[in-house]
Amino acid sequence: MQQSAFPSTHATWLRTLVGDSVAAAQREIAAERARIAVMERYAEPLAVFVRGSSLSRLGEPAEIVNGFFASRLSDARFLEGWSSSGMRFRRWLMNGILFYGQGLARDRSRAQQRGGSVEPGALDRREGVHASGEEDYERAWSLAVVREATDRAEQELLAEGRSVDFDIFRRHAVDGQPYAAFAREVGRSESQCAGATRLVAQRVRAKLAELLVEEGVPERELDDEIARVRGML
């Protein structure tokens, strides 16, 4: 996985997308990388949200998400609105796709005077016995950022020549194998394997914190947000 397209804070990332004090050619390259990173991180969580909300009445979730990305990620006003909103980026996108869906419904209502159209007012989050689209979205987003944080930690450890440490972490923390099952194979004692797992877990947590800052989480709230992500999973 290539290095993150995002700088360390969401404000500087936003300036990259909107375009402040950067040569036009460089700005567009950086902005395109950032847009791709957003789509990679959010395509599945937003599709999950669409499937669990009344937006699903408008068509295939992937098509709705792709249309939303094409419409909004190139619009500086949309991104500037997030910068001034104080909202988490994931919440801004969730609200944004709801408004996008309302626009689609209005367009269809104008095109079809009778039957089959979806009224904009009907596009509210569904209630019921199942988890709401919003809850599913939060869970899918949590999984996406933890995966991305783990990928970043792995790449960093590989660059440091510590691939064995990550392999130990993967076998124990991800695959659920006890240290005794593979310690001899990797040339470590069980206590050394436990130490490697703690090291990698700390790296993953640090990368998760970086991602959350990129998403607009204030540093003072990182511990609570990390705990919330863990709770969602």
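Residues numbered from 1 in each chain as written. Predicted model: local features only at pLDDT ≥ 70, side-chain atom pairs only at ≥ 80, totals over all residues. Heavy atoms only, no water.

S.K.: Give a description of the overall build of the protein that names residues and reports values.
M.R.: A tally of helices and strands in the protein yields ten helices and zero strands. In the protein, the succession of α and β elements from N to C terminus is α-α-α-α-α-α-α-α-α-α. Taken across its 233 residues, the protein has 42% of its residues classed as buried. (Helix = DSSP H or I, 4+ residues; strand = E, 2+ residues; numbered from the N terminus. Buried < 20%, exposed > 50% of the residue type's maximum accessible area, 1.4 Å probe, protein only.)

S.K.: Give me the side chain of Glu-138: which residues, what numbers.
M.R.: If you trace the backbone, Glu-138 turns up in helix H6 (residues 133-159). For Glu-138, a relative accessible area of 8% gives the class buried. A polar atom in the side chain of Glu-138 sits 3.0 Å from the side chain of Arg-90. Ignoring anything within four residues of it in the chain, the contact list for Glu-138 reads Arg-90, Arg-91, Arg-228 and Met-232. (Polar contact = N/O pair within 3.5 Å; in protein donor to acceptor, adjacent residues only side chain to side chain. Contact = heavy atoms within 4.5 Å.)

S.K.: Got a sec to walk through the nonpolar core? Specific residues and values, please.
M.R.: Counting residues in each nonpolar core, the largest one holds 43 residues, and the members touching the most others are Tyr-42, Leu-46, Phe-68, Phe-69, Leu-93 and Ile-97. Secondary-structure elements contributing two or more residues to this core are helix H2 (24-51), helix H3 (61-72), helix H4 (76-85), helix H5 (89-111), H6, helix H7 (163-174), helix H9 (190-214) and helix H10 (222-232). Of all the elements, H5 adds the most residues to this core, at eight residues. Setting aside its immediate chain neighbours within four residues, Leu-93 contacts Val-38, Tyr-42, Leu-46, Phe-68, Phe-78 and Tyr-137. Counting residues in each nonpolar core, the second largest holds eight residues, with Ile-168, Tyr-179, Phe-182 and Ala-194 among its members. (Core = buried A, V, L, I, M, F, W, Y, C linked by side-chain atoms within 4.5 Å.)

S.K.: Please set out the packing of aromatic side chains residue by residue, giving values where relevant.
M.R.: Applying the stated rule across the entire model yields nine aromatic pairs. Note on Tyr-42 and Phe-89: the rings are 5.8 Å apart at their centroids and 85° apart in plane angle, and the pair reads as edge-to-face. Of this pair, Tyr-42 sits in helix H2 while Phe-89 sits in helix H5; the two residues are 47 residues apart in sequence, bridging distant segments of the chain. Comparing Tyr-42 with Phe-89, the two get one shared label, buried. Ring centres of Phe-78 and Trp-92 lie 5.7 Å apart, and the angle between their planes is 40°; on these two criteria the pair is classed as tilted. Note that Phe-78 is positioned in helix H4 and Trp-92 in helix H5, a separation of 14 residues in sequence. The exposure class of Phe-78 is buried, given its relative accessible area of 10%. Classification of Trp-92 as buried rests on a relative accessible area of 19%. (Phe/Tyr/Trp six-rings, centres within 6.5 Å; stacked < 30°, edge-to-face > 60°.)

S.K.: So what's going on with the confidence of the model for the protein? Which residues, and what values?
M.R.: Averaged over every residue, the pLDDT of the protein is 81; the share at 70 or more is 79%. Scored below 50 in pLDDT, residues 1-12 makes 28 contacts in the model with residues more than four places away or belonging to other chains. This model gives residues 124-130 a pLDDT under 50, and the stretch forms 13 contacts once residues within four places in sequence are excluded. (pLDDT = per-residue confidence, 0-100.)

S.K.: Go over the environment of Glu-44 with me, naming the residues and quoting the values.
M.R.: For Glu-44, the position within the fold is in helix H2. For the pair Glu-44 and Ala-140, spaced 96 residues apart in sequence, the C-alpha to C-alpha distance is 7.2 Å. A distance of 3.2 Å separates the side chain of Glu-44 from the side chain of Arg-51, its partner in a polar contact.

S.K.: With reference to specific residues and values, describe the packing of H6 against H9.
M.R.: Direction vectors running N to C along H6 and H9 enclose 125°, while the axes themselves pass 8 Å from each other. With respect to their mutual orientation, H6 and H9 come out oblique. When the axes of H6 and H9 are compared, the crossing they make is right-handed. Of H9, the residues touching H6 (which contributes Trp-141, Val-145, Glu-148, Ala-149, Thr-150, Arg-152, Ala-153, Glu-156 and Leu-157) are Val-200, Arg-203, Val-204, Lys-207, Leu-208, Glu-210, Leu-211, Leu-212 and Glu-214. Its residues assigned to classes, the contact of H6 with H9 comprises ten nonpolar, one polar and seven charged. (Axes fitted to C-alpha atoms, helices over the stretch in contact; angles between N-to-C directions. Parallel < 35°, antiparallel > 145°, perpendicular 65-115°, else oblique. Left-handed = near helix turned anticlockwise from the far one by under 90°. Nonpolar A, V, L, I, M, F, W, Y, C, P; charged D, E, K, R; others polar.)

S.K.: Tell me about the environment of Ser-191, residues and numbers included.
M.R.: Among the structural elements, Ser-191 can be located in helix H9. When the C-alpha positions of Ser-191 and Tyr-179 are compared, they lie 8.5 Å apart, and in sequence the two are twelve residues distant.

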